[in-house]
Amino acid sequence: MHRRGGKRIRMDEPPPEYESPMTPAVDQDNYGNYGHSTDGMFESPPTPGLRRITRSKARGLAAPPPVVTASSHSPTSSAPPTRGRGRGRPPGRKSHLEGVSSGEDETSLYHIIRTSKASLTNIVDDWIESYKINRESALISLMQFFINASGCKGRITQQMTATMEHAAIIRKMTEEFDEESGEYPLIMAGQSWKKFRSNFCDFVQTLVKQCQYSIIYDQYLMDNVISLLTGLSDSQVRAFRHTATLGAMKLMTALVDVALTVSVNLDNTQRQYEAERQKTREKRASDRLESLLQKRQELEENMDEIKNMLTYMFKSVFVHRYRDTLPEIRAIAMTEIGVWMHKFHANFLDDSYLKYIGWTLHDKVGEVRLRCLQALQPLYASEELKGKLELFTNKFKDRIVAMTLDKEYDVAVQAVRLVISILKHHHEILTDKDCEHVYELVYSSHRAVAQAAGEFLNERLFQPADIDPGKTKRGKRRLANTPFIRDLVQFFIESELHEHAAYLVDSLIESNSMMKDWECMTDLLLEEPGPMEEPLDNRQETSLIEIMVCCVKQAATGEAPVGRGPTRKITSLREMKQAGEDKQKLTEHFIITLPPLLDKYSADPEKLANLLSIPQYFDLDLYTSGRQEGSLQALLTKLKHIAQVHHEPEVLETCAKTLEILCTEGHSIYTRCDVSRSTIIDMIVASYKEAIDDWRNLMLGEETPNADEIFNVVSSLKKVALFYACHNLNQWNLWNSLFQDVQQELENVLPQEALKYCLSSCFYWLLWGLKGLEVIHEGGGLITQSVTELREQLDEFIEAAQDIIRSSPNQTLREEAYVCLCDLLVVFSEQLRSTGAYLSTLVCEPDRNLQLLLNEFVQTYVFVPEQDAEHDEHRIEELHKRRNFLAAYCKLIVYNIMPTKAGADVFKHYVKYYNEYGDIIKSTLSKAREINKVNCALTMCLSLNMMFQSLSANGGQVTRQHEDFFSLKELAKRFALSFGLDAVKNREAITALHRAGILFAVSGAETSEDPTGPPPNLPFLEILTEFTNKLLKQDKRVVLSFLDRRIATGMPSSRGEDWQPLLLYRNSLVHGETDVVPTTSKRAYGRKRKDPEEEQDRDDEGSDHEFPGCLYG
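Definitions and limits used
Residues numbered from 1 in each chain as written. Predicted model: local features only at pLDDT ≥ 70, side-chain atom pairs only at ≥ 80, totals over all residues. Heavy atoms only, no water. Helix = DSSP H or I, 4+ residues; strand = E, 2+ residues; numbered from the N terminus. Buried < 20%, exposed > 50% of the residue type's maximum accessible area, 1.4 Å probe, protein only. Contact = heavy atoms within 4.5 Å. Phe/Tyr/Trp six-rings, centres within 6.5 Å; stacked < 30°, edge-to-face > 60°. Lys NZ or Arg CZ within 6 Å of the ring centre and 35° of its normal. Salt bridge = Lys/Arg side-chain N within 4 Å of Asp/Glu carboxyl O. Axes fitted to C-alpha atoms, helices over the stretch in contact; angles between N-to-C directions. Parallel < 35°, antiparallel > 145°, perpendicular 65-115°, else oblique. Left-handed = near helix turned anticlockwise from the far one by under 90°. Nonpolar A, V, L, I, M, F, W, Y, C, P; charged D, E, K, R; others polar. pLDDT = per-residue confidence, 0-100. Disulfide = S-S within 2.5 Å. Polar contact = N/O pair within 3.5 Å; in protein donor to acceptor, adjacent residues only side chain to side chain. Expected span 1.5 Å × (residues − 1).

### Quick notes on the overall build of the protein chain
And then number 1: A tally of regular secondary structure across the protein chain gives 46 helices and zero strands.
And then number 2: Counting all 1113 residues of the protein chain, 50% fall into the buried class.
And then number 3: At a minimum sequence separation of 6, the contacts of the protein chain that also span at least 24 residues come to 76%.

The following block contains the structure:
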């Protein structure tokens, strides 16, 4: 193609009009001269206007007169502006156009292609045959196809094509666009329409392919098709513009394929010509030389013709549509230009074309940005094209790197992949800062983004190299992954996100085999470093162990970390098989290496806690099938030693959990592990009894215990409580000893931490007791006496826990008692009756006092101003603890253990504490609505009442302009939004809420000093206005009638400022209806009527008895 002049291309900034993409009208002069070169750099493509010089004209031959001549103006610019309707026939006007048919012609191309009655190749072949017979009628059928494919039922006739220009035909079709819904084939939903969209594109490309050797050069078909598509693509009618742009872009793609074929033929002909010409005169065939020369000249002319078409369509369609208002059209433009650049890079892979993709990288719609990146991907993946991308990469590299943080995750993933390609082929362009941007994404909460960043990490840091990994001190050669794992550990440490090793592992485990190289990892930990190696320091060892354990967990389970995996993932058979194989391999390795690892790091609690969790992911049957009973015994011995000497909660919890997994019934190692468990628990219980006996003897002697004695009793109780969580210790009969100390809590007999573990142990006694009853009953044993004993213990514990919450001076103890109480109420709830009638006596229902106690705890310890903690970690831990307290309370409402009304005090904090607890409160509201919509609505009203009363309690009179009043309105607005859009489904609940709100607003009138003044709670009606739009029209009348019977607005004083809430509320109820002025009453609000007839009338509309009186008591 022609090179543009010397003007420098500006690629770094999008054109100013790009920020607000528009649909410009292209002035269409006669379709021609689309190959005319310009001196400018194609910054703003010239409007095509000159007639093109065709081959036949250059030879002096007369071309046949075209049937259709293009308009001198675009259809949009010449059409008179319309008001109100973007397309379609004006209302009230009937069609009188000649040849317009409302029905669909079954012989039309559109119908045949849409219904897929034949293969596209056959359809095109049939059309070509008809074209050879009568090209005018064949062309009309093709033009009709594009019109029908746009959803227009207008019909082009022979007379139209003979007497009208394309612009006039398009204008007439626009008037015939009798379609109101805004839908057309390209955007219609459904499998058949999806198939049609595919067939539409394939038809255009097949048509060009089948016509590529003759018909496309006849100066008739392509002239008219391109002219029609150019005109339609500039239409104000979205359906025409969208369909024609897709058709034009696919037409260009098809022409690119033809150009490539012509180019190959041209090269072959040129080689044949050169070979023939270089022969000696005696061997040279002059007629063959002449025919090759003639063929070469024809191919060159064909190539020029195709390039002219491409250039014209690019300037006339693409240049205007790449910034169309419709994102689908912009996406089409970006997709196809990427195809042209990749296929026909000699013509299109040029900065004057690349700039359009660069500018569109800033598009406001994610799908368009995604198509830009997808267009660039194959260009950067090609080694031979990288030289042509240097300027573009320099200009737009920063934008591409920034797009790795795109809010649309698909765009971010594609951007990371593009940066990987840039790293491969233009690595010198990426700075360290650019790379760091991508590095951080391995910790992204979105898995696809993180894994793409993991691939970047592999490309940048973990590329194989000819480096000797070295040897250990005893001469064992290090594995090839050793330097990479060292780099990974260093990367993890430098990222300073030490609690997110699971995220890092998940980002890399599927793309890098070193994440499952167990031998390499354990060699780094167990083997002494060689003479040329640096030993791992303490921090590196801790990080490596953490990474290794995360790898073990994910390899064995195949599950992504919490917060990153999909909510409902169905594991495929292939993934299950892979996880099974990985589990077997890691088990075979760690069965042998874990005991020495535990031995080496037994003094480090953090490392030990991580290592102890590894057996939880073992295939336990391999201990026997692999004849590794000795390794099992070594592991059990280590567990006993750890339980004996360690006192850190994390180590003991993990130890107890691992022992629980090892003692899973059904495995061949169960008996041996169960014996070992009994030995460990015997040791723990003996230690506890010894420590508690010594403590009580000291107390009896009124002696003061020293630090060792305090440590012994706390440590022994800690072990009992932590092992009780995983193992049934009830057979050791510790209840009386443990509960004795709980009952004496107020006497400060034990240290506070020890008392906390006592409380926890008693809680687990009750849970294991319930489990034991179920086991005995299943075995056919008698349990009546056991049930009675457990009920007594349950009542004693609940009473003691309530006393602790009420009066204990120790906050930690109160918190433990609260959590235990909430969990017991869930376990011993009504659902026990469904388990079995024999457990019905154990059902525990919270009385009013217990509900108030739990609510008071929540208000005291959960809804408190956040303290400015010195460390973020401590602040987050405190918030997490408070969220657990709130969740424990809300579970009681969600499981219908406490009435929905108990949540009123929680719901009132929805807005104020939205950032901290909004998700919990929102979920509770949703579940409460599922239980009973009316009760939930009345509870919302009660929450608003409470907030309103707190305003009046603070300042006496409620000020509607006060900030707190606006906060109350915001709360009401959130409550109203939670009802959703289905007014019919929530009809009863919303009506009940309005009536309850009205009753509250008129309450307190009896105590008012001014009988003609407003009730003190009247401003509450303004709050109630937020729910009016949730009422159905007929219900508004019912609520209005209810309001008018409760309070009247006829007195002169009712028009004052104090009565404005009533007027606001009333206006919201009568909005859009004729307001009937109520009659004047002597009082502005009504007392309870005594007249039985009036009472009957009132009950017709809605009785107060629908609302529980205790709700406001």
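Okay, back to it.
### Looking at the packing of aromatic side chains
And then number 1: This model, assessed by the stated rule, comprises 44 aromatic pairs.
And then number 2: Relative to phenylalanine 196, the ring of tryptophan 193 lies with its centre 6.4 Å away and its plane at 85 degrees, an arrangement referred to as edge-to-face. Residue tryptophan 193 and its partner phenylalanine 196 are both found in helix H8 (residues 191-210); the two are separated by three residues, about one turn of the helix.
And then number 3: Look at tryptophan 193 and you get buried, because its relative accessible area is 17%.
And then number 4: Measuring from centroid to centroid gives 4.0 Å for tyrosine 818 and phenylalanine 857, while their planes differ by 15 degrees, and the two rings are stacked. One end of the pair, tyrosine 818, is in helix H34 (residues 811-827); the other, phenylalanine 857, is in helix H36 (residues 848-861), and 39 residues separate them in sequence.
And then number 5: One aromatic cluster in this structure is built from Phe314, Phe318, Tyr322, Trp340, Phe344, Phe348, Tyr353, Tyr356 and Trp359.
And then number 6: When the ring centre of tyrosine 503 is taken as origin, the NZ or CZ atom of arginine 564, which lies over that ring, is 4.3 Å away.
And then number 7: Lying over the aromatic face of phenylalanine 979, arginine 929 brings its terminal NZ or CZ to 5.0 Å of the ring centre.

### Here's the deal with helix H14 (residues 351-360)
And then number 1: With respect to burial, H14 is a largely interior element, 10 of its 10 residues being buried.
And then number 2: The complete set of buried residues in H14 reads Asp351, Ser352, Tyr353, Leu354, Lys355, Tyr356, Ile357, Gly358, Trp359 and Thr360.

### Side note on the pattern of salt bridges
Opposite charge on two side chains permits them to pair, given that their charged atoms come into close proximity.
And then number 1: By the definition in use, this model includes 36 salt bridges.
And then number 2: Lysine 891 is the salt-bridge partner of aspartate 823, the closest N and O atoms lying 4.0 Å from each other. Residue aspartate 823 is located in helix H34, and its partner lysine 891 is located in helix H37 (residues 872-894); the two are separated by 68 residues in the primary sequence.
And then number 3: Relative accessible area serves as the criterion here: at 24%, aspartate 823 is assigned to the partly exposed category.

### Quick word on unusual backbone geometry
Most peptide bonds take the trans form, and the phi angle of most residues other than glycine is negative.
And then number 1: Of note in the backbone geometry, glutamate 702 takes a positive phi value of approximately 55 degrees without being a glycine.
And then number 2: Position of glutamate 702 among the secondary structure elements: in the loop between helix H29 (670-700) and helix H30 (707-724).
And then number 3: A residue is classified by how much of its surface remains accessible, and glutamate 702, at 72% relative accessible area, is exposed.
And then number 4: Here the phi dihedral of asparagine 733 falls at roughly 50 degrees; this positive angle occurs in a residue that is not glycine.
And then number 5: Locating asparagine 733 in the fold gives a position in the loop between H30 and helix H31 (735-743).

### Overview of the environment of proline 649
And then number 1: Within the secondary structure, proline 649 sits in helix H28 (residues 649-662).
And then number 2: As for proline 649 and lysine 719, which are separated by 70 residues in sequence, their C-alpha atoms are 8.3 Å apart.
And then number 3: Those residues in contact with proline 649 that lie beyond four places of it in its chain are Lys718 and Leu722.

### Considering the packing of H31 against helix H33 (residues 784-807)
Between two packed helices, the angle of one axis relative to the other and the distance separating the axes together describe the packing.
And then number 1: It is the contact of H31 with H33, at a shortest axis distance of 10 Å, that shows an interaxial angle of 25 degrees. One finds that H31 runs roughly parallel with respect to H33. The way H31 lies across H33 gives a crossing that is left-handed. The residues of H33 that touch H31, namely those facing Trp735, Phe739 and Val742, are Gln793, Glu796, Phe797, Ala800 and Ile804.
And then number 2: Tallied by class, residues from the contact of H31 with H33 come to six nonpolar, one polar and one charged.

### A look at the confidence of the model for the protein chain
And then number 1: Per-residue confidence for the protein chain gives a mean pLDDT of 82; residues scoring 70 or more make up 82%.
And then number 2: Averaged over each element, pLDDT in the protein chain is lowest for helix H2 (residues 75-78) (35) and highest for H28 (96).
And then number 3: Here residues 1049-1054 is modelled with pLDDT under 50, and outside its nearest four sequence neighbours on either side it reaches 16 contacts, counting other chains as well.
And then number 4: Within the model, pLDDT remains below 50 along residues 1074-1113, and this stretch shows 63 contacts once partners closer than five positions in the same chain are excluded.

### Details of the state of the cysteines
And then number 1: Counting across every chain of the model gives zero disulfides.
And then number 2: With no disulfide partner, cysteine 551 has as its closest neighbouring cysteine sulfur the one in cysteine 550, 7.1 Å distant.

### Considering the environment of asparagine 932
And then number 1: Positionally, asparagine 932 belongs in the loop between helix H39 (914-931) and helix H40 (933-955).
And then number 2: What makes asparagine 932 partly exposed here is its relative accessible area of 30%.
And then number 3: Between the alpha carbons of asparagine 932 and alanine 989 there is a distance of 8.8 Å; along the sequence they are 57 residues apart.
And then number 4: Looking at asparagine 932, its side chain comes within polar contact range of the main-chain nitrogen of valine 934, at 3.0 Å.
And then number 5: Among the polar contacts listed, one links the side chain of asparagine 932 to the backbone nitrogen of asparagine 935, at a separation of 2.9 Å.

### A closer look at H30
And then number 1: Helix length check: H30, at 18 residues, gives a terminal C-alpha distance of 26 Å against a target of 26 Å (1.5 Å per residue), a fit within 8%.
And then number 2: Buried residues along H30 sit against helix H27 (629-645), H28, H29, H31 and helix H32 (752-778).
And then number 3: Capping of H30 at its N-terminal end is provided by asparagine 706; its side-chain oxygen lies 3.2 Å from the backbone amide nitrogen of aspartate 708.

### Considering the packing of helix H22 (residues 518-526) against helix H24 (residues 573-600)
And then number 1: Where H22 meets H24, the axes come as close as 11 Å, and the angle between the chain directions of the two elements is 10 degrees. Classified by the angle between their axes, H22 and H24 sit roughly parallel to one another. Across the interface between the two elements, Trp518, Glu519, Thr522, Leu525 and Leu526 from H22 touch Lys585, Leu586, His589, Phe590, Thr593, Pro596, Leu597 and Lys600 from H24.
And then number 2: Residues of the contact of H22 with H24, tallied by class, amount to seven nonpolar, three polar and three charged.

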